Amino acid sequence: MDAWNGMTFEGKDTMLRVVRDEAERFFGMVDGADVWEAPTGAGHWEVRDVVAHVTDTTEAYFVAFDAARSHTEVPAAYGLPGMAERVDKQALALRGVPQAELVERLRSDFDKLMGMFEALGPDDWGGLTVPHFYMGPLPAFFYPAFQLMDYGVHSWDIRQGTGRAHGLSGEAADLLVPFMFVLWKYTTGAKDPCELGIRITSGPNAGDTRVSVGPGGMDYAAGDASGLPAVIEFDPGSFVLTAFGRGNAGTIRGDRAVADRYLNLFFRI
């Protein structure tokens, strides 16, 4: 299943294909004349704010890759606790940009960034360290995954704003499963001790993960969750949307108090 592990070079082609698919769906939704100020599932953001956020994020990646390639020293990471407030300000600052101009700017940014991803070789995919503005140094493969989060989850946000029933793309959710454990690890707020299992019930990244939280934060590793105080089962889409704080899902088996404590440890970005 290496083709569905975006953290390996063997998963590169799958990752980039699915990113392109999600981006095309995204652009198809934001081009309409009557959607620009429509509500979304991303808090108070309108469609125009989602486009602005993805534009701002993408353009920050150019700076990051330039720094990595030129070995330029960058400031210390901003940190994830303040990310939500800052990205909101960055997005709202672009509200005055006309729709056609901003969408075309993002399309150009997307094409440029995908060209950079395509050029990443096996040594670069996991070996090139790129400084993320909020998280600090990360392997290059995280950046295509971030684009998948942006286009996949924010497409969900736009559909959510229509009030119609919908869901998350299966391929996008499957690829994002491993990255959601990283997201949880780095957005653990309270350090209330607990140990439990997370079980992904379908898709190429299905399986059990043993999770423990203590004073030092969250740790996780693949392993049989049998015998743990609680196990929370998710399908891939529900797992991604829960990790991103878009909803409350999951089937709790075992000690509900442990599961509830765990699910309420995290701050949102």
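The structure under discussion appears in the preceding block.
Keep in mind that this is a model prediction, so the values were computed, not measured.

Asks: Would you take a moment to explain the overall build of the protein for this structure?
Replies: Regarding its fold elements, the protein presents nine helices and seven strands. Taken along its principal axes, the extent of the C-alpha atoms in the protein is 55 × 45 × 35 Å. Partitioning the contacts of the protein with sequence separation of at least 6, the portion at a separation of at least 24 is 72%. By element, 51% of the accessible surface of the protein is carried by carbon and sulfur atoms, the whole surface being about 12000 Å². With 23 positive and 37 negative side-chain charges, the protein shows a separation of 4 Å between the mean positions of the two kinds.

Asks: Explain the packing of aromatic side chains here, please?
Replies: Any two aromatic rings considered together are summarised by their centre-to-centre distance and by the angle between their planes. Summed over the entire model, instances satisfying the criterion amount to 26 aromatic pairs. Seen in terms of ring centroids, Tyr78 and Phe133 are 5.6 Å apart; in terms of plane orientation they differ by 25°. Their pairing is stacked. Taken together, the residues span a long stretch of sequence, with Tyr78 in the loop between helix 2 (47–70) and helix 3 (83–92) and Phe133 in the loop between strand 1 (129–132) and strand 2 (136–139) at a distance of 55 residues. By relative accessible area, which is 45% here, Tyr78 ends up partly exposed. Where Phe141 meets Phe142, the ring centres are 5.0 Å apart and the plane angle is 25°; that geometry is what we call stacked.

Asks: Whenever I open this one, unusual backbone geometry confuses me. Can you help?
Replies: Most peptide bonds adopt trans geometry, and most residues besides glycine take a negative phi value. With a phi close to 55°, His71 is a non-glycine residue in the positive phi region. Counting through the fold element by element, His71 comes out in the loop between helix 2 and helix 3. Judged by its relative accessible area of 73%, His71 falls in the exposed class.

Asks: Just to check I follow, could you spell out helix 4 (residues 99–118) for this structure?
Replies: Since the α-helix turns once every 3.6 residues, residues separated by three or four places project in the same direction. Between its terminal C-alpha atoms helix 4 stretches 28 Å, which fits the 28 Å expected from 20 residues at 1.5 Å a residue. Among the structural elements, helix 1 (12–30), helix 2, helix 5 (122–127) and helix 6 (142–161) are those in contact with the buried residues of helix 4.

Asks: Help me understand the packing of helix 1 against helix 4, please; the structure alone is not making it clear to me.
Replies: Between helix 1 and helix 4, the shortest axis-to-axis distance is 12 Å and the interhelical angle comes to 175°. Taken together, helix 1 and helix 4 sit at an angle that is classed as roughly antiparallel. On helix 4, the residues that touch Lys12, Leu16, Val19, Arg20, Ala23, Glu24, Phe26, Phe27 and Val30 of helix 1 are Gln99, Val103, Leu106, Arg107, Phe110, Met114, Phe117 and Glu118. Considered class by class, the residues forming the contact of helix 1 with helix 4 number eleven nonpolar, one polar and five charged.

Asks: Just checking my understanding: could you explain the pairing of strand 3 (residues 194–200) for this structure?
Replies: It is a general feature of regular strands that their side chains alternate between the two faces of the sheet. Burial within strand 3 is extensive, with five of its seven residues counted as buried. One ladder, built from seven bridges, connects strand 3 with strand 4 (residues 207–214); its direction is antiparallel. Looking across to strand 4, one finds that Cys194 is bridged to Val213. The antiparallel pairing of strand 3 with strand 4 creates a hairpin that spans six residues between the two strands, and Gly203 there sits at a positive phi of about 90°. Two elements, strand 3 and strand 6 (residues 230–234), share four bridges in a ladder whose sense is parallel. For Gly197, the partnering residue across the bridge sits in strand 6 and is Val231.

Asks: Just to check I follow, could you spell out the nonpolar core for this structure?
Replies: Where a protein is soluble and globular, its nonpolar side chains tend to be buried together. One finds Phe26, Tyr143, Met180, Ile198 and Tyr262 to be the most contacted residues of the largest nonpolar core, which totals 85 residues. Among the elements that take part in this core, helix 7 (residues 170–186) stands out by supplying eleven residues, more than any other. The residues touching Tyr262, leaving out its near neighbours within four places in the chain, are Trp184, Cys194, Leu196, Ile198, Val211, Val213, Met218 and Ile232.

Asks: Help me understand the pattern of salt bridges, please; the structure alone is not making it clear to me.
Replies: Side-chain pairs of opposite charge can arise where the charged atoms are in close proximity. By the definition in use, this model includes 19 salt bridges. The partner of Asp21 in a salt bridge is Arg17, with the nearest N and O atoms 3.4 Å apart. With Asp21 and Arg17 both in helix 1 and four residues apart, the pair spans about one turn of that helix. Taking the relative accessible area as the measure of exposure, Asp21 reaches 30% and is therefore partly exposed. Take Arg17: its relative accessible area is 36%, and that puts it in the partly exposed class. When the shortest N-O distance is used, the salt bridge between Arg95 and Asp49 registers 2.7 Å. Pair noted here: Arg95 is in the loop between helix 3 and helix 4 and Asp49 is in helix 2, with a separation of 46 residues, a long-range link. By relative accessible area, which is 30% here, Arg95 ends up partly exposed. Relative accessible area serves as the criterion here: at 0%, Asp49 is assigned to the buried category.

What counts, and where the lines are drawn
Residues numbered from 1 in each chain as written. Predicted model: local features only at pLDDT ≥ 70, side-chain atom pairs only at ≥ 80, totals over all residues. Heavy atoms only, no water. Helix = DSSP H or I, 4+ residues; strand = E, 2+ residues; numbered from the N terminus. Contact = heavy atoms within 4.5 Å. Areas by Shrake-Rupley, 256 points an atom, 1.4 Å probe, with all protein chains shown as cover. Lys, Arg positive; Asp, Glu negative; His and termini not counted. Charge placed at Lys NZ, Arg CZ, Asp CG, Glu CD. Phe/Tyr/Trp six-rings, centres within 6.5 Å; stacked < 30°, edge-to-face > 60°. Buried < 20%, exposed > 50% of the residue type's maximum accessible area, 1.4 Å probe, protein only. Expected span 1.5 Å × (residues − 1). Axes fitted to C-alpha atoms, helices over the stretch in contact; angles between N-to-C directions. Parallel < 35°, antiparallel > 145°, perpendicular 65-115°, else oblique. Nonpolar A, V, L, I, M, F, W, Y, C, P; charged D, E, K, R; others polar. Pairing = 2+ DSSP bridges. Core = buried A, V, L, I, M, F, W, Y, C linked by side-chain atoms within 4.5 Å. Salt bridge = Lys/Arg side-chain N within 4 Å of Asp/Glu carboxyl O.

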